[in-house]
There are 2 protein chains.
Amino acid sequence: MLKKERQAYILHQVNLHNKVVSATLSAEIAVSEDTIRRDLQELSETGKLVKVHGGALSAAFYDNPVIESNVYAQTDKQIIGNKAASLIKDGMFILTGGGTTILEFARCLPSTLKATFISGSIPAISEYMNHPNIEIIVLGDKLSKTSRITVGADAVNRIKNIKADLCILGINAIDTENGVTDNDWDVVQIKQQMIASSHKTICLTISEKINTVQPIHVCGLNKIDSLITELDPGNKLLKPFKDAGITIL
Amino acid sequence: MLKKERQAYILHQVNLHNKVVSATLSAEIAVSEDTIRRDLQELSETGKLVKVHGGALSAAFYDNPVIESNVYAQTDKQIIGNKAASLIKDGMFILTGGGTTILEFARCLPSTLKATFISGSIPAISEYMNHPNIEIIVLGDKLSKTSRITVGADAVNRIKNIKADLCILGINAIDTENGVTDNDWDVVQIKQQMIASSHKTICLTISEKINTVQPIHVCGLNKIDSLITELDPGNKLLKPFKDAGITIL
DNA sequence: GTGGATAATGCAGGTAATTGCAGGTTTATT
DNA sequence: AATAAACCTGCAATTACCTGCATTATCCAC
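Sequence order as written defines the numbering, with residues in each chain counted from 1. Throughout, the order in which chains and ligands are written sets their labels, letters from A for the former and numbers from 1 for the latter. The model is predicted, so local features are restricted to residues of pLDDT at least 70 and side-chain atom pairs to those at 80 or more, both for listing and for counting; the totals for chains, interfaces and linings are taken over all residues. Side-chain metrics in this entry use all non-hydrogen atoms of the structure; hydrogen atoms and water are not considered.

So, on to the overall build of chain A. What chain A contains, in helices and strands, is ten helices and 15 strands. By its C-alpha atoms, chain A is 75 × 40 × 30 Å across when sized along the principal axes. Here chain A holds 249 residues, and 52% of them are scored as buried. Note on definitions: a residue-residue contact is assigned when non-hydrogen atoms from the two residues lie within 4.5 Å. In chain A, the share of contacts with a sequence separation of at least 24, taken over all contacts with a separation of at least 6, comes to 60%. Per-residue accessibility takes into account occlusion by the displayed protein chains alone, with areas from the Shrake-Rupley method and a 1.4 Å probe. For chain A, the accessible area works out to roughly 10,900 Å², and carbon and sulfur atoms hold 52% of it. Of the charged side chains in chain A, 26 are positive and 27 negative, and the gap between their average positions amounts to 2 Å. Think of it this way: any DSSP run of H or I at least four residues long counts as a helix, any run of E at least two long counts as a strand, and we number them from the N terminus. Burial status follows relative accessibility: with a 1.4 Å probe on protein chains alone, a residue under 20% of its type maximum counts as buried, one over 50% as exposed, and anything between as partly exposed. The charged-residue count follows a simple rule in which Lys and Arg add positive charge and Asp and Glu add negative charge, with His and chain termini not counted at all. Every charge is mapped onto a representative atom, which is NZ of Lys, CZ of Arg, CG of Asp or CD of Glu.

Here's what the structure looks like:
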């Protein structure tokens, strides 16, 4: 069998069944697994499929159009994302919410990181999926169209049964008097339970949102362990929060 | 044997078998392999075939997979998606799996449709989110990286508590003897429960997968109510399934 | 017919591509 | 942490490829 012919066959199989296994192909075509591996390697390099341990997956199935849209204050959020990503260690269980800041955080995670992320945010989950060593637990329930995360009693109950190392939240407003506040009742229920179910809570926000208030109370400052902004930790805007016992990063 | 005559013979062979091997041709026509090579070279330059290491492939055969856009057999899948979309009525509760065929189905849904979709497939959910009037229930559990849907006991149990109007599945293989078969154990558990929890089951597949078999049994033909392919319902390839009591669309 | 121009073919050699195997390393899973 | 499977690297053997060049076939005008 000719090499190109063999590769065409592999491609056909992978497009037909979404995945192929090297050992199976090797037996089917009667060539060594090394040859199959080299074929998959080549096809992978030209983007025709995606190579994984033991076989390959359909490229069409794997690539999802990453919405590289105009995120507000993106560079600031990338700074925040990098700071937050440096806190995550191998083996951790992390609860995360949604929002564009969390998305940037997800993109900043190193590909070598082996951790478990628990989230109900569909965009965030899509980002976590791009990281080969991250385990993902999806929180199921009704999907809120506006926030693109799952909300409801079911999701809250599910979080109750979890004790995570970290809870990482993008927040909408924070000030010294009211603590963390938000504007979506359903989302607040989720955030509150995430905070309650984690050993440590880390809040991410761009400095613009500091000292602003929203209608619904999420939690007091005493529940927050760390606050991450794009600013230098020594910035005087952050001093009141440092004084309240929050670690500023 | 004349040169033109020889080349005509080679072309005939390549169109007949989709491939030719230099060494074989050399023996058949009793000329040196160098001559065959030169012939293939010329025919390749005029686009009559595609030269590869060791021989040549039919141009038609070789071109097809190259042109492919993001989704393999996209137009076929769009035909399927449109057929399936026409079955969905306002107010319905629909369980759906994952896969590229389901993705096309999701894109074909009219924006006016008011229905509730229940799924654990992240890419499918991302598509449903684009439809303003669709309610989405996310099935939570561990996310399988290869199939991009949630799998596990939790998701299965959650489906158990649902009674949906329709179950729409993209399937990997179907034949009259073994029914529907697949290649991922976890995904099969989900599919089986989805079928059990729905009044009607509709299977989507491109005709290429008909009469193919995969290792794991999903369900017998008796569990399927409708089968949707890109083919005309009267196509004789589908007759055995029609005879088994399945509605062909 | 016949000579010369042109094209086609086969062969020699050196180069490149392909493949399977041995070994040591990495990865996934229990 | 152990174990089996998958992976990678380098190597050797085989096979295909290419470049000239000599030989042979074909064609065309005379």
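Counting residues at the interface gives 50 residues for chain B, matched by 41 residues for chain A. Of the roughly 3,900 Å² buried where chain B meets chain A, counting both sides, 59% is carbon and sulfur surface. Looking only at chain B, the three residues that lose the most surface to chain A are Met129(B), Lys145(B) and Arg148(B), adding up to 19% of its buried area. Counted as salt bridges are all cases of a side-chain nitrogen of Lys or Arg within 4 Å of a carboxyl oxygen of Asp or Glu. Remark: the boundary between chain B and chain A carries five salt bridges. Taking the shortest distance from any N to any O, the salt bridge between Glu135(A) and Lys142(B) comes out at 3.5 Å. Whenever two N or O atoms come within 3.5 Å, that pair is a polar contact, provided that in protein one can donate a hydrogen and the other can accept it, and provided that, for residues adjacent in sequence, both atoms are side-chain atoms. For the pair chain B and chain A, the interface holds 18 residue pairs in polar contact (both at pLDDT 80 or more). The set of elements that each furnish at least two residues to the side of chain B that touches chain A consists of β1 (19-21), β3 (55-58), α4 (59-67), α7 (122-128), β6 (135-138), β7 (141-143) and α8 (153-160) of chain B. Throughout this entry, Asp, Glu, Lys and Arg are counted as charged residues, while Ala, Val, Leu, Ile, Met, Phe, Trp, Tyr, Cys and Pro are counted as nonpolar. The remaining residues, Gly among them, count as polar. Looking at side-chain class alone, the side of chain B that touches chain A contains 21 nonpolar, 18 polar and eleven charged residues. The sheet contact formed by strand β7 (residues 141-143) of chain A and β6(B) spans two bridges and is antiparallel. Within the sheet, the bridge partner assigned to Lys142(A) lies in β6(B) and is Ile137(B). Defined in terms of a 1.4 Å probe, buried area is the accessible area two parts forfeit on being brought together, summed over both. Two strands are counted as paired when DSSP detects at least two bridges linking them.

Looking now at the protein's contact with DNA strand C. As a structural note, the neighbourhood of DNA strand C is formed by 16 residues, with Arg6(A), Thr35(A), Arg38(A), Arg6(B) and Thr35(B) the closest of them. One heavy atom within 4 Å of a molecule or strand makes the whole residue count as near it. By atom count, sugar and phosphate contribute 66% of the portion of DNA strand C lying within 4 Å of the protein. A distance of 2.8 Å separates a phosphate oxygen of DNA strand C from a polar atom in the side chain of Ser32(A). Sorting the residues of the surface near DNA strand C by element identifies α1 (3-17) and α3 (33-45) of chain A together with α1 (3-17) and α3 (33-45) of chain B as the ones contributing at least two each. Within the surface near DNA strand C, the residues separate by chemical class into two nonpolar, six polar and eight charged.

Interpretation note: all reported values are geometric properties and have no functional meaning in isolation.
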